[in-house]
Amino acid sequence: MTSPDQASGQRPMIEFRNVTKTYDGGRPAVDDLTMDIDRGRITVFVGPSGCGKTTSLRMINRMVEPTSGGILLEGQDVSHRKAAELRRSMGYVMQSSGLLPHRSVLDNIATVPRLNGVGKADARKRAQELLDVVGLSPDLGRRYPGQLSGGQQQRVGVARALAADPPVLLMDEPFSAVDPVVRAELQEELLRLQRDLARTIVFVTHDIDEATILGDKVAVFAVGGRLAQYAAPEEILRAPVDDFVAGFVGRDRGFRHLSFQEGHNVTIHPVETIEVDRLADPTVSVRSPWTLLVDAGGRPHGWVPQATRGSITRQADAVPGGSLYRRGDTLRRALDAALSSPSGLGVTVDDDGRAIGVVRAAEIFDLIESARLDRGRAEHNTAV
Ligand SMILES: Nc1ncnc2c1ncn2[C@@H]1O[C@H](COP(=O)(O)OP(=O)(O)OP(=O)(O)O)[C@@H](O)[C@H]1O
Ligand SMILES: [Mg+2]
């Protein structure tokens, strides 16, 4: 029996019902898995190596068959679908981009639509559009995968998975082979894409940070293929159900939790600014120890320390600023901005990227502390 997805009033997109997978009669790789995967959301499977994440993912499109139990896709048992056709109806992205080395990027992206009978010209045209969707420049389409960076290859992998316009996207550690900076970019891109596309995405990772950044819901798997906890990321960080999940989430979960604490109460202080064009003007004096350099549009471009005022005459000479804080973003971002800034002041921008002031680390710490106390009180009240 299944229950409709309560939040949307719709049936879940994917339903695991008592699914067990045992390879070669050994211990179960997936053990009696029952869970619903919401339509149009990102669900992340996270857990240590060997806990059955890939196996669970692959049972959705029948790359792996369950030993017992069943999986429903939009209410239909997937075992009644033709495996090859089912596979092509879902996007699949894996760790190594899995691109065909002897085919151009465009032809790689067009692979599944071609298999589905789309004409060559139409498939290529769509592939060209998808390059833009995943943030790649159009001229990369003619290259071969070996001529792209790792991050670019993963983007092509995402484009290829999107080419057949699938309602479901399965992603198995798609960003784990790239360096942390590129990885963060790819995560941002995926969230941006998902805001427009609203696909049902099942995303596998062994990185709890990645899971909490991307997931609308996170499923933590334990060794032996057991689903240990399945909840919103905030809840998994705030209230791990057992020692295994607590250990997996880690000691610094208090810090991770900040990612969910909204920063609306952070005080934004005024900041003295100087426009790039006026840097070389000796009649313009600055009073603050740190003056923010902005362009004609008010966007920040670094800091001018008072001591160096006379010697800084070009934008390139300014002291590079830290990360920017967008008004209303989380406390974690606010703290990042303040701590990464050479002035200790976190540059705050509006939605158009214009500097509107600065935030101070000490004040953010105070907000974090009071939020922590509030949370402690709330937990105490629900516990008694
Ligand atoms: N084709 C197979 N034949 C036999 N055993 C397998 C096969 N595929 C996976 N297993 C076993 O099933 C268990 C779960 O494997 P799975 O690949 O699903 O784990 P995972 O969570 O994706 O791990 P990782 O994080 O390392 O990718 C492991 O013990 C693994 O050795
Ligand atoms: Mg795996």
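**Re the confidence of the model for the chain**
Caution is warranted with low-pLDDT regions, since their predicted coordinates should not be read in detail. On average, the chain scores 88 in pLDDT, and the residues at 70 or more come to 92%. The model gives residues 1-5 a pLDDT under 50, and that stretch makes 15 contacts with residues more than four places away or in other chains.

**A look at the packing of aromatic side chains**
Taken as a whole, this structure holds five aromatic pairs when the rule is applied. In this structure, lysine 217 packs its charged tip against the face of tyrosine 230, placed 4.7 Å from the ring centre.

**Some words on the site of ligand 1**
The immediate surroundings of ligand 1 are formed by Tyr23, Asp24, Ala29, Pro48, Ser49, Gly50, Cys51, Gly52, Lys53, Thr54, Thr55 and Glu173. In this structure, a nitrogen atom belonging to ligand 1 sits 3.5 Å away from a side-chain N or O atom of tyrosine 23. In this structure, an oxygen atom belonging to ligand 1 sits 3.0 Å away from a main-chain N or O atom of glycine 52. In the complex, the protein chains occlude 56% of the 640 Å² of accessible area that ligand 1 would expose alone. Looking at the shell around ligand 1 element by element, the count peaks at three residues for helix 1 (residues 53-60). Grouping the constituent residues of the shell around ligand 1 by class yields four nonpolar, five polar and three charged.

**Observations concerning the sheet that holds strand 4 (residues 68-73)**
Strand order across the open sheet formed by four strands is 2-1-4-5, with antiparallel pairing between neighbours. One side of each edge strand has no neighbouring strand; the edge strands of this open sheet are strand 2 (28-37) and strand 5 (76-77). Taken together, the two bridges between strand 4 and strand 5 define a ladder with antiparallel strand orientation. Looking across to strand 5, one finds that leucine 72 is bridged to aspartate 77. Helix-sheet contacts for helix 1 involve strand 1 (14-22), strand 2 and strand 4, and the interaxial angle to strand 1 is about 125°.

**A few points about the environment of glutamate 235**
Note that glutamate 235 resides in helix 9 (residues 233-238). Note: C-alpha distance between glutamate 235 and lysine 217 (18 residues apart in sequence) is 9.5 Å. Ignoring any residue separated from it by four or fewer positions in sequence, one finds glutamate 235 in contact with Gln229 and Pro240.

**Some remarks on helix 12 (residues 331-340)**
Taken residue by residue, helix 12 has Leu331, Ala334, Leu335, Ala337 and Ala338 as its buried positions. Buried residues in helix 12, looked at end-on, bunch into an arc of 160°, giving them a common side.

**Focus: the nonpolar core**
Within the largest apolar cluster, 43 residues are counted, with the highest numbers of intra-cluster contacts made by Val44, Ile109, Met171 and Phe203. In this structure valine 44 touches Phe203, Thr205, Ala211, Leu214, Gly215, Lys217, Val218 and Ala219, once residues within four positions along its chain are discounted. Core analysis: the next-biggest nonpolar cluster, separate from the first, contains 26 residues, Phe45, Met90, Val168 and Val202 among them.

**Observations regarding the side chain of arginine 183**
Its place among the elements puts arginine 183 in helix 7 (residues 180-197). One polar contact links arginine 183 to glutamate 210, side chain to side chain, over a distance of 3.2 Å.

**Concerning the pattern of salt bridges**
The full count for this structure, using the stated rule, is 21 salt bridges. Among the salt bridges present, the one from glutamate 15 reaches arginine 17, with a minimum N-O distance of 3.2 Å. With relative accessibility at 0%, the residue glutamate 15 sits in the buried group. Of the residues examined, arginine 17 reaches a relative accessible area of 18% and is grouped as buried. Salt bridges sharing partners connect three or more residues here, namely Arg11, Glu15, Arg17 and Asp36.

**A word on helix 1**
Counted residue by residue, helix 1 has six buried out of eight residues, so it is predominantly covered. Residues Lys53, Thr55, Ser56, Leu57, Met59 and Ile60 constitute the buried set of helix 1. A positive backbone phi angle near 65° is found at arginine 62, which sits one or two residues after helix 1.

The rules behind the values
Residues take numbers from 1 onward in each chain, read along the sequence in its written order. Written order determines the labels here, with chains lettered from A and ligands numbered from 1. The predicted nature of this model means local features are confined to residues of pLDDT at least 70 and side-chain atom pairs, given and counted, to a pLDDT of 80 or more, with totals for whole chains, interfaces and linings taken over all residues. Where side-chain values are given, they derive from all heavy atoms of the structure, hydrogens and water being excluded. Values of pLDDT, ranging from 0 to 100, describe the predictor's confidence in every residue of the model. We call two residues contacting when some pair of their heavy atoms lies within 4.5 Å. Each aromatic pair joins two rings of Phe, Tyr and Trp (for Trp, the six-membered one) with centres within 6.5 Å, and gets the label stacked for planes under 30 degrees apart, edge-to-face for over 60, and tilted for any other angle. For a ring to carry a charge above it, either NZ of a lysine or CZ of an arginine must fall within 6 Å of the ring centroid while also lying within 35 degrees of the normal to the ring plane. The near set for a molecule or strand comprises every residue that places at least one heavy atom within 4 Å of it. Here a polar contact is recorded for every N or O atom pair within 3.5 Å, except that within protein the pair must consist of a potential hydrogen donor and a potential acceptor, and residues adjacent in sequence are included only if both atoms are side-chain atoms. In these tables, accessible area is a Shrake-Rupley quantity obtained with a 1.4 Å probe, and a residue counts as shielded only by the protein chains included in the view. Each helix is a run of H or I in the DSSP string that is no shorter than four residues. Each strand is a run of E no shorter than two, and both are numbered from the N terminus. Residue classes follow a fixed rule: Ala, Val, Leu, Ile, Met, Phe, Trp, Tyr, Cys and Pro count as nonpolar, while Asp, Glu, Lys and Arg count as charged, and any other residue, Gly among them, counts as polar. For two strands to pair, DSSP has to find at least two bridges joining them. Axes here refer to lines fitted to C-alpha atoms; in helices the fit is confined to the stretch in contact. Angles between the N-to-C directions go from 0 to 180 degrees. Summary of the burial criterion: residues with accessible area below 20% of their type's maximum are buried, those above 50% are exposed, and those between are partly exposed, where the area comes from a 1.4 Å probe applied to protein chains only. Here the arc refers to the directions that run from the helix axis out to each C-beta atom. We call a set of buried residues a nonpolar core when its members are Ala, Val, Leu, Ile, Met, Phe, Trp, Tyr or Cys and they connect through side-chain atoms within 4.5 Å of each other. A pair is scored as a salt bridge if a Lys or Arg side-chain nitrogen falls within 4 Å of a carboxyl oxygen belonging to Asp or Glu.

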